[in-house]
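Survey of secondary and tertiary structure
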Amino acid sequence: MTLQIQNLGRRVGKQWIVRHLNLQVDNSECVALVGPSGCGKSSTLRLIAGLDSVSEGEIILDQANVTHAPATQRAVGMVFQSYALLPHLSVKANLDLGLRVRGVRASERQQRIQAILDLVQLQDRSEVLPAQLSGGQRQRVALARALLRDPDVYLLDEPMSNLDAQLREELRPELRRLVLDRHKPVIYVTHDQHEAMAIADRIAVLHSGRIQQVATPADLYHRPETLFIAKFIGRPQINCFKPKDGAICAVRPESLFFANEGLPCKLISREWLGSSQLLYLDSPHGSLRLSCSTTMEIPETVHVSWHSSDEHHFDATTGRRLT
Amino acid sequence: MIAFLLLPALLLLLVVFVGPLFRYAWLSFHADSVVTGLIAIPNGGANWLRLVQDQRFWQDLGQTLRFSGVSVGLELILALMIALLLDQRWRGRDVVRTLTLIPWALPTTVMALGWRWIFNTPYGPIDHFTRMIGIGSLNILGDPHFTWMATVWADVWKTTPFAALILLAGLQTIPVDLYEAVRLEGGNAMVCLRRITLPLLRPYILLALLFRLAQAFGVFDLIQVLTGGGPASSTESVALYAYWNALRFLDFGYSATIIMASFILISLICVVAWILLQIIIPTHSKSQAVVEP
Amino acid sequence: MNRRFLVGLLLLWSLGPLLWQLYTSFCSDQALTQPFASIDQRWTLIHYRNVLTANPPFWRYLVNSLLVGLSSTLLCLVLALPAAYALNRIPCQLSIMSRLALVGAALFPYVLLFLGLLEFARGLNLGNHLLALSFPYAALSQPLAILLLNNAFNDLPPELEDAAKLEGLTLFQRFRWILIPLISPATASTAILVFLFSWNEYPIALTWISDSSKLTLPVAMARIAGSSIYSVPYGAYAAATVLGSIPLVLLVLIFQKPIVSGLTSGAVKG
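First, a word on what this report is: a plain description of the structure on this page.

Parameters at a glance
- Residues numbered from 1 in each chain as written.
- Chains lettered and ligands numbered in written order.
- Predicted model: local features only at pLDDT ≥ 70, side-chain atom pairs only at ≥ 80, totals over all residues.
- Heavy atoms only, no water.
- Salt bridge = Lys/Arg side-chain N within 4 Å of Asp/Glu carboxyl O.
- Helix = DSSP H or I, 4+ residues; strand = E, 2+ residues; numbered from the N terminus.
- Buried < 20%, exposed > 50% of the residue type's maximum accessible area, 1.4 Å probe, protein only.
- Contact = heavy atoms within 4.5 Å.
- Polar contact = N/O pair within 3.5 Å; in protein donor to acceptor, adjacent residues only side chain to side chain.
- Buried area = accessible area lost by both parts, 1.4 Å probe.
- Nonpolar A, V, L, I, M, F, W, Y, C, P; charged D, E, K, R; others polar.
- Pairing = 2+ DSSP bridges.
- Axes fitted to C-alpha atoms, helices over the stretch in contact; angles between N-to-C directions.

1. Considering the pattern of salt bridges
Residue and element names in this part refer to chain B. Overall, the coordinates contain 22 salt bridges over all chains when judged by the stated rule. Among the salt bridges present, the one from R212 reaches E75, with a minimum N-O distance of 3.0 Å. Of this pair, R212 sits in helix 9 (residues 189-217) while E75 is found in helix 3 (residues 55-87), placing the two residues 137 residues apart along the sequence. E75 shares its class with R212; the two are buried.

So, in C-alpha cells, the structure goes:
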C-alpha cells in the first residue's frame, strides 16, 4: 500500500492554497508535514481525504487514482485536531456508527469495538459521553475510530496539539506503535518540529503552499535545502550572517565554540536550558546565539569560532542552498 | 445534490412571495371586478390614475404612516426601558421576562376584541376611570380623535415584548467592563447610558425599528377587529382598504393596484431606513434581522 | 425609582388586559355593565358553558388551529432543514445574497400577499381545506426558519461532518445521525416560532376558510365579534379569549427558553 501525490494543487478563486505537491508515502512509513500556520498543511490532508476538491494533479492510493473520488468512498482514517467526536453519542456509539453504516453485523461490531477499546485502554469508558473524557482519552477514542475504519492511509491532523506538553511526550511512542503497526502509509501534520522529528520517518516542510524539502529528520537538520528550512528547523534558531557576495552564511548555535582566535564577542545575556545553556552574544557581524555545556564559566568577552564544514551557504535572493 | 436540497424551499418561496407581486403588477393594469364579470380586461393605467385621485387612499396612507410612526416610536422607548429593567439582576427576573412575553404570543385578533371591551363606552374600565377622575366619558372607539390612539395603544401592548427582547439580547452583548471603566472614571448612570449603552445598542435598535416599521405599515388584524377601520374610516389602513376592495367591492384590479403602491412605498421606506442605517452604524458592526413570525 | 414599583407596573401593563378578560369571563351579564359595583349575582360559569356548547363548539377551533399549526410546522421544517444546510454549501457570494433576500422576505409585511394567495387558492380549489393552509404558512415562515437553522448549522464544527464523511456516511445518514440531533435545540426554537405564527395567523385564514366548522381560532374569535361593534357578546367572548389563550400561555411558560433563544439568535449572531 502506497500513497502517491503528483503535482497536486488546490485553488480557491485566484489563489493557490497548495500547488505542485509531490510526495510518496510507503507502507508503514510516517511522513510528517510541518510548516508555519497557514502554509497549507491541513489543506493537503483535506485534499487527500477528499474533503476538498482537487484543482490539479493526482492522488494515487495503491495504484488506484482516487483524485476525484468522494470522501465517503475513500478508505481514509483521519484524526482531527478537535477529535470531532459526536457529543451526543457515547464512546461506543461513536465507534459503532461507521461500522454500522458500512453494514458490519452487530455481533462482529461488538467484538471489534471491544478489541479496539482494549487496544487504546479505554475498556471501562465505553458508555460515557465524550465530554466526560479527558483530552488524552478523547484523542485515543478519535484514534480508535480511525483504526476501526481499517483504512488504506492514516491522516493525523495535529492530533496532539490540544494536549499539554507532558502528555504529548508520553503519548508519542504509543501513537507510533498503534498506527505504524498497521503497515499503512501515515501522514502526520504538526506545527511542532520536535514532535515531527520524534515521530516521523521523513519530514516534508511546507511553505506558502509548496513543499520545500522532503527528507529524514537528520538530513533536514544537517542539509537544509533552503534558508527557510534552516531557520524553521532547529531550536535555538540558526545564526545567519549578513549577506556577502550574494550569499548568506549560517551556522547552528551548537557548532560555535570558544577559541583563542576568532570573532571577538561580548556576552549580552544567557538562558539556562538545563542540559545546556544558550548565550546571546554581540559580535562585529551582528548578534549570535551559542549553546554550550552548563558547566562552563563565561567571561564578559569571548572569542568564538566554528569549523568551515559546519557552515551552510544559501543564495541571498532565492534562499536556495549553494554547493 | 445541493440544488436538490434548496429547490423545494426556493420554489415555495418564489410561488408565495414573488408570484403574487408579479400578479399584482399585472393585475394593476387590468380591470377585474364584478363589472367585468371577474374577468381581467386590460385598462391601461386607469387603476393607477384612480389611485392618484382617490382621496380615501391618501387619507388611509397618512393614517397608516401616523400609526406606524407613533406606535413604533413609543414601542422602542418603552422596550428600551423594559430591557434596561430586565437586564439588571434581581430575584424573579426570569419569571417576569417570561410573563412579559405573553402579550406577544397571543393571537392579535383575540386581544383586539379584548381591547374593544376594555375601551368600551360606557362599560369598559378606561371609561370608568376617565369618568371617575372627572374628565367624563371619552367615547374612545366612537370619537376619531381618540380611536387611532386606542389602536396605537393596543399595538404597542402587543409588540413591545418582541422589541424589548431584541434590545435585551443586545444589552447582554455589552461587556460589563465598559461600565466599570466609566464608573472608575467617575461617570454616573446617565453617562453610562449615553456613552455606552445607546451607541452599542444602536444596531439592535435599528434592527427592531426596521422590522417593526415594515410590520406596522402592513397593520391589518388589529384594525379590522378593534375598530373595523372606523369611525368614518378614521383608522383604516392601506392593507384594510385593499382588503375591502377585494373582498367587499370585489374589485381585484384596484385592490392589486393599492397593494402594489403600498409595496413600492414600504420598499422605499425600508431602503431609506437601510441607507440611514449604513450611514449611522460603523462598518464593523454587522447585524442580521430577527423576525417575528 | 423603586424597582419593585417598576416591575409591578410592567406586570400590570403586560397582564392587566388579560386579567380583565379573565375577570369578565366569570361575570354575569348584569355584572358586566357595572364592573365595580357590588351585585349579588356577580359570579357565573354561564359564558363558559355557552361557548363550549355552541355550534360548532369552541374546542373545535382549538383542534383546527392545532392541526394547522402542527402540519405547517412539520412542512416548514421538512423544507427549511435541507435548504438551511445547503445554504452553507453554495458559493459564498450567492449565500450572502440569499441570506439578504431571506431577511428581506422575513421583514416583508406578508398581509400584502393575501390577494395573490387568495387567487392561488381559488385556482387550485384549496379554499375551505383546513390543511391546505399549511402551504402558505410553511412558505411565510420559511425565511425565518431557514435563517435560524442556517445559523445553527454554521455553529456546528465542520470537522464533525467531515469525520462522518470519512466514516462513509451518506448525506442522508449524516442528517439522521449527526446534523439533526446536534441542531435539535435550534430546530425546537424554530418549530415553536412557526407553530405560534400558524396558530395566530389571521388574514390568510380569513380569506381561505369560510366554512364555520373549519375556522381557525383567530378567525373564529373575530367572527364572534360579528358585524356590529355595539352588540358583541362580551361575556362569551371573554370566556373564549381565556380558553383560547390558555394553550399559548402554557406554551410560552413551558418553552420560554427556546422561544427567547430563537428570537434573539438571529440578532446576536451576524
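There's plenty left to go through after this.
2. Notes on the environment of N154(C)
Residue and element names in this part refer to chain C. Within the element layout of this structure, N154 appears in helix 7 (residues 134-155). Sequence-wise, N154 and N200 are 46 residues apart; in three dimensions their C-alpha atoms are separated by 30 Å. Not counting the four nearest positions on each side in its chain, N154 is found in contact with N88 and R99. Of the polar contacts made by the side chain of N154, one reaches the side chain of N88; its length is 3.1 Å.

3. Focus: the interface of chain C and chain B
Taken together, the contact between chain C and chain B spans 88 residues of the former and 85 residues of the latter. In total, chain C and chain B occlude about 8,100 Å² of area from one another, counting both sides; carbon and sulfur atoms represent 78% of this. Contact with chain B buries surface across chain C, with W13(C), L107(C) and L263(C) losing the most and accounting together for 9% of the total. Run the count over chain C and chain B and you get one salt bridge. Salt-bridge contacts for E119(C) lead to R23(B); the nearest nitrogen and oxygen are separated by 2.6 Å. At the boundary of chain C with chain B, the tally comes to 18 residue pairs in polar contact (both at pLDDT 80 or more). It is helix 1 (residues 3-25) of chain C that contributes the most residues to the side of chain C that touches chain B, 13 residues altogether. Broken down by class, the residue content of the side of chain C that touches chain B amounts to 66 nonpolar, 16 polar and six charged.

4. Brief notes about the arrangement of the chains
Here two pairs of chains make contact, and the pair sharing the most contacts is chains B and C. With no contact between them, chain A and chain B keep their nearest C-alpha atoms 13 Å apart.

5. Some details on the sheet that holds strand 2 (residues 15-25) of chain A
Residue and element names in this part refer to chain A. Read across the open sheet, the four strands follow the order 2-1-4-5; overall the sheet is antiparallel. Two strands in the sheet have a free side with no partner beyond their single neighbour: strand 2 and strand 5 (64-65). Bridging between strand 1 (residues 3-12) and strand 4 (residues 56-61) involves five bridges; their strand directions are antiparallel. Its bridge partner being in strand 4, I5 is matched across the sheet by I59. Packed on one face of the sheet, helix 1 (residues 41-49) meets strand 1, strand 2 and strand 4 and runs near 65° to strand 2.

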